[in-house]
Amino acid sequence: MIAQDSIEALKARLDIVDVVGSYIELKKAGGNFKAPCPFHDEKSPSFVVSPQKQIYHCFGCGAGGDSIKFVMEYEKLNYPEAIEKLADSYNFTLTYTDNKQNKPRSQVMDALNSWYQTLLTQHEVALQYIKERGIYESSVEKFGVGYAPDSLSTINYIKSQHFTMQEAIEMGVVGYEPSRNQTYARFIERITFPIHSANGSIVGFGGRTITGHQAKYVNSPETPFFNKSRLLYAYHLAKQAIYKRDEIIITEGYLDVIMLHQAGFDNAVATLGTALTPEHLPLLRKGSPRVVMAYDGDKAGRAAALKASKLLSAAGFNGGVVVFEGGLDPADMVKDGRIEELSAIFREPKPFIEFVLDELLSLYDLRDPKAKEACMQEGIAYLKTLSPILQEEYKTYLASRLGGLGVSPSLIKLSSNTNVANTNFAQQQGRHRDIWELTLIKTVLEYPEFIDHILDVLDPSLLQFHSHEFSLAISGNRDAPELMAIMVDETLRPLKDEELLNAELFAFLIKHYERELKKVNITPSISFEEKAFYIRKYRDVIARLKRGEFPKE
């Protein structure tokens, strides 16, 4: 977690005119500056920046805040990411409360990427591969495509730039073999694709062999900076187009993304050699775009599309699936000049729910009564992960697809024992569903940087209804079914602003201690002295909370 005094020191360096002016053109208007608002379409400028108050405000849409808030909104970053981006821009070194994070991120990734890019221009075979795939020089530059040589050359380059092997290992570009006490480069004789975090920092690489290595593609290993289940390739380049178009195209490969951007589909990204996971959902929720999954039509591609569609539909995302048949992929279609055809395909993807149901039907031999029954039960189980309205709507769809096979719609029963994913697990188990506590848990899941602060002021035992789920969340057990239900529940909105989080914590703690005070007053089993002690104690805590001071114990 970034130290608060470090944040305040950075704020003191920021000038809102400089920060906002680096993104949009500002014009002097008296003591302020004006511009068309970057957050909504308008003809007459109503966006005002005040250098005196160090704030911005739009009189059209109501957007407003300080420099950090502007970067958060414009770059679609969370609070810590915006601070780190501003710190990089102002060459400011942040400090962290977690000692493990005190050391700044190594620059070895940036140095290696620049070197890989230089080597690509000198390697005929790699350049020929790039040319054959139809990739333009401008795309090579935009995406930072490079070439990694043999292992020894990479090791020697890292040493020549005065980086240690330890930091290269920590960043995942070098591996270590203990049995031989030997280091080795992880990317050998491969085309390289730098992988960036959402705020644009290089955190890993993908590599494609051009000399026949057994693995066609390899990615960086998991590091403190690189988690392939949370990142999307080229998201940092695509995010503005995603929010402008209100749509994101998710593909399976780096080359698909590069070629789609080259053809004007600059809202395209890719998963990093893994299926879409619940950990991707917070990133996809930014701006709530329509999601189009563009997957290969082979068995593996369809299986991945089915899994992703189940996840996205249960989480309430809009969008659908495009499956590329005949061995083609988006990159091939761009290379062949089939841009208009691609546009038409992306405009009309198959809706997630219909895709899931149709895929399930295709997996069974429906001439077999037992298989037909199993198919219907799997379809019903899937429908139960949806909202009640969607269940009823697509119950008819499932029945119509099975109807010609002797299945009556009346057989598809959902209401009696529904286990709806968007209906919280607490309701399913007959327990009270406390929205505030569940919102706090979702905040911990999506913004783990707040965990230390929350635990400083709130003990898990204070939660009346969901202390177990809260304990799971702070322990990082994200695969627990209880937490999966919270993650996909769209009715819960995480508290992504620290000031709002503090306000909510104050309100919760005040109510908690007021309840405790009432309990003491009506409990006959404690002595007068004990009662007087606890009354003074709780009244003092409540008074401090109302003054804006968190209790120390």
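Relevant structure appears above.
Residues numbered from 1 in each chain as written. Predicted model: local features only at pLDDT ≥ 70, side-chain atom pairs only at ≥ 80, totals over all residues. Heavy atoms only, no water.

**Here we look at the sheet that holds strand β2 (residues 32-35)**
Point 1. In space, the 5 strands of this open sheet follow the order β1-β2-β3-β4-β5, with antiparallel pairing throughout. Where the open sheet ends on each side, the last strands, each with one partner, are β1 (27-29) and β5 (64-65).
Point 2. Packing against the sheet, helix α3 (residues 67-75) makes contact with β3 (47-50), β4 (55-58) and β5, and its axis sits at approximately 50° to β4. (Pairing = 2+ DSSP bridges. Helix = DSSP H or I, 4+ residues; strand = E, 2+ residues; numbered from the N terminus. Contact = heavy atoms within 4.5 Å. Axes fitted to C-alpha atoms, helices over the stretch in contact; angles between N-to-C directions.)

**Some details on helix α22 (residues 467-474)**
Point 1. For α22, the complete set of buried residues consists of Glu469, Phe470, Leu472 and Ala473. Projection of α22 onto a plane perpendicular to its axis shows the buried side chains occupying an angular sector of 160°, all on one side.
Point 2. One or two residues past the end of α22 sits Gly476, with phi positive at roughly 80°. (Buried < 20%, exposed > 50% of the residue type's maximum accessible area, 1.4 Å probe, protein only. Arc of directions from axis to C-beta.)

**Some thoughts on the packing of aromatic side chains**
Point 1. This structure, assessed with the given rule, holds 26 aromatic pairs.
Point 2. Both rings, one in Tyr116 and one in Phe205, keep their centres 5.4 Å apart while their planes meet at 75°; by these two values the pair is edge-to-face. Separated by 89 residues along the polypeptide, Tyr116 in helix α5 (residues 108-120) and Phe205 in strand β10 (residues 202-209) bring together distant segments of the chain.
Point 3. Pairwise contacts between aromatic rings join Tyr23, Phe39, Phe47, Tyr56, Phe70 and Tyr74 into one cluster. (Phe/Tyr/Trp six-rings, centres within 6.5 Å; stacked < 30°, edge-to-face > 60°.)

**Some remarks on the environment of His57**
Point 1. Topologically, His57 is positioned in strand β4.
Point 2. Note on His57: relative accessible area 31%, which makes it partly exposed.
Point 3. For the pair His57 and Ile435, spaced 378 residues apart in sequence, the C-alpha to C-alpha distance is 32 Å.
Point 4. Not counting residues within four places of it along the chain, the set of residues in contact with His57 comprises Ser46, Phe47, Val48, Gly62, Ala63 and Gly64.

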